[in-house]
Structures are given as C-alpha cells and as structure tokens.
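Structural features, examined
Residues per chain are reported as follows:
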Amino acid sequence: MYLKRLGAMALAAAVALVAMASFAAVAPAKEPAPGYSQFAGCPSPEENSNILACIRTVIDGGNFKMGNKNTPLSKPMNLVGGITTLPDGTEIIVANSKGGISHVKQLVPGGVIGLTGLDWLVNFLGIEALQLFAEVELMGSPKAIPGGNLQLPIRVHLVNSALGNKCYVGSPTSPIVLNLTTETTSPPLPNKPITGSPGEPFFNEATGIFHINNGKYVDNSFAAPGANGCTLTLFGFIPISINGLVNSQSGLPAPAGTNETQQNFDIELTAQSTVYP
C-alpha cells in the first residue's frame, strides 16, 4: 500500500504536465546501473541521501478541461525523480539535472481562432501558424493530503507566437489547484461524480521494480482563473492585450464544478540502491 501511494503521488506530479519548481539540480547526475537508465533523473545517494524511492511516471492519455476548452492529453509525458520527505512529514518529488518533467505541448482543438474568435488572423498567419498548444507548469511542490490524494498548484501556458510568450491561465499567486484522486470525486454542481482507478500493481522480482499500470487520476472540483499575459502584436509593433477575448471565448474564469481532468498513468518504482548499487 505504501508503494502504491507513492506511485499515485508521482503521477499527480506529472500532470503537471511542466517546468517543475520542486526539481532542483544540486550536483552532477550519476549514471544509473545498466538496465535502469529510465531512472536517470532520480538523485543518487551522493546527490540526496534521503530518497525513499526512485520513480518514473508516464501519463499516456486523458484530458484536461477548463471552461469550455477540452484538451486531449495525446502526447505521453514523463516524470523522473526521487520521492523524499520534508521535516513536517510532507512527501515531495525531487530530481537531479537529468530528471524532472518532460516539456510536452498538447495540441488544443480549435487553435488560436477558437481561443480568441479572431478568424481574420488566418489572413495574416496561415492555418498552420494558428495551431495552439497547452503546456502545464507546476507552481509549487506536489503535496500529499489525507486519503492518499494529492494537491497540485499549476498554471497552463498557452503557446502560440500570436499570443506572445507569456499567455497563461493561472499564476504563482492565483494557480489552478488540482486535488487528484484515484477514487470517486464529490464535485460542485453541475459536474457529477467521476471515478479514477488505482491501477494494476505488480512486482518484478528479477528487476526489483514495482509497477502500477493502467491507473487513472481524476479531479472535477477545481476552479480555473482568467487568462493573463496574452498579447496580440499587430504589424509587428502594436501590442494589444487579448486577455478578455481569451476569457470570453474559453469560458474563463471557470468556477469549481465546471472543469475536469482525467489522466491515465503507468508507474515504475524502485529503491535508490537498485538504481545506484
């Protein structure tokens, strides 16, 4: 049960889908033993002697809905690091210079025109240049909460050159706070309860790796703030804030009970001494 709970915590960190603030390189990364290269981002004992387990998590499907925009998680995202405990008992994930979360941009249906409603942009940028991507960034460390669930403060980076490079939903001071669970949610209306799955655990004695496959984390009780930093630059030099357009087209800010995320995951866990014998 302890390893399953650690695996669940690791998945949630990966939703973030993100540039993870809790990941910090403090020393050059050591090479794992042959056959354990997938754990290269887990700190070695020389880097951090307080690692409870090395972990690799893959998010390989699901969705992330804010307001009226629903983005499929169509590209796998990886999290590699080590699980450690703070003095107050909080469990977090840390990594060396080879670890962290992969920077994955998920394609947003409807593109920039769907986000802003400015259909005339196609005359200036062309269809391909109007593709919109979403990349999740963590605004703090993942925290374990009662019941084996996780709390994650994040923001979503809306990536397209037409929006500038600082177009976000959420911020360090006003993040989207996910409370992820493998159990059944109790969301505010109009959302209805949805149920996750703890996955299928098994231990590979030959490799010493504990696996959790085909799990699912869910949350449909979180709120999403309005957009910030979205700027359309006309003729290359006239910046115009379009936060209002993004909000009106996307249904933001979106109160709790109108948003949803479901994330499929596979997890590998093993001892630090197995990776670095």
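Keep in mind that what you see is a predicted model, and the values were worked out from it rather than measured.

1. Thoughts on the side chain of His 211
Among the secondary structure elements, His 211 is positioned in strand β13 (residues 209–219). Beyond its immediate chain neighbours, meaning those up to four positions away, His 211 contacts Glu 200, Pro 201, Phe 202, Asn 204, Ile 267 and Glu 268.

2. A word on the pattern of salt bridges
Taken as a whole and judged by the stated rule, the model has four salt bridges. Between Glu 31 and Lys 98 there is a salt bridge; the shortest N-O distance is 2.3 Å. On the criterion of sequence distance, the pair formed by Glu 31 in the loop between α1 (2–15) and β1 (53–66) and Lys 98 in the loop between β4 (91–94) and β5 (100–101) is long-range, its members being 67 residues apart. Of the residues examined, Glu 31 reaches a relative accessible area of 54% and is grouped as exposed.

3. Considerations on the state of the cysteines
One covalent bond between the sulfur atoms of two cysteine residues makes up a disulfide. Enumeration according to the criterion identifies two disulfides in this entry. The disulfide partner of Cys 42 is Cys 54, and the gap between their sulfur atoms is 2.0 Å. One disulfide, between Cys 42 and Cys 54, carries an S-S torsion of -70° and so falls in the left-handed class. Remark: Cys 54 occurs in strand β1 and Cys 42 occurs in the loop between α1 and β1; sequence separation between them is twelve residues. The disulfide bridge from Cys 167 ends at Cys 230, spanning 1.9 Å between sulfur atoms.

4. Remarks on helix α4 (residues 243–250)
Within the span of α4, buried status applies to Asn 243, Val 246, Asn 247 and Ser 250. Within α4, the buried residues cover an arc of 95° as seen down the axis, which keeps them to one side. Phi turns positive, to about 75°, at Gly 251, one or two residues after α4.

5. As for unusual backbone geometry
The omega torsion across Leu 189 and Pro 190 is 10°, close enough to zero to call that bond cis. Here Pro 190 shows up in the loop between β11 (176–180) and β12 (200–204). The omega torsion across Leu 252 and Pro 253 is -10°, close enough to zero to call that bond cis. Of note, Pro 253 is situated in the loop between α4 and β17 (260–270). In this structure, Asn 214 takes a positive phi of about 60° despite not being glycine.

6. Considering the packing of aromatic side chains
Scanning the entire structure with this criterion turns up two aromatic pairs. With 5.7 Å between their ring centres and 25° between their planes, Phe 64 and Phe 222 make a pair best called stacked. Within this pair, whereas Phe 64 is found in strand β1, its partner Phe 222 is found in the loop between β13 and β14 (227–228), the two being separated by 158 residues in sequence. Grouping residues by exposure puts Phe 64 and Phe 222 together as buried. With 6.2 Å between their ring centres and 40° between their planes, Tyr 217 and Phe 265 make a pair best called tilted. On the criterion of sequence distance, the pair formed by Tyr 217 in strand β13 and Phe 265 in strand β17 is long-range, its members being 48 residues apart. One exposure class covers both Tyr 217 and Phe 265, and it is buried. When the ring centre of Tyr 168 is taken as origin, the NZ or CZ atom of Arg 155, which lies over that ring, is 3.8 Å away.

What counts, and where the lines are drawn
- Residues numbered from 1 in each chain as written.
- Predicted model: local features only at pLDDT ≥ 70, side-chain atom pairs only at ≥ 80, totals over all residues.
- Heavy atoms only, no water.
- Helix = DSSP H or I, 4+ residues; strand = E, 2+ residues; numbered from the N terminus.
- Contact = heavy atoms within 4.5 Å.
- Salt bridge = Lys/Arg side-chain N within 4 Å of Asp/Glu carboxyl O.
- Buried < 20%, exposed > 50% of the residue type's maximum accessible area, 1.4 Å probe, protein only.
- Disulfide = S-S within 2.5 Å.
- Arc of directions from axis to C-beta.
- Phe/Tyr/Trp six-rings, centres within 6.5 Å; stacked < 30°, edge-to-face > 60°.
- Lys NZ or Arg CZ within 6 Å of the ring centre and 35° of its normal.

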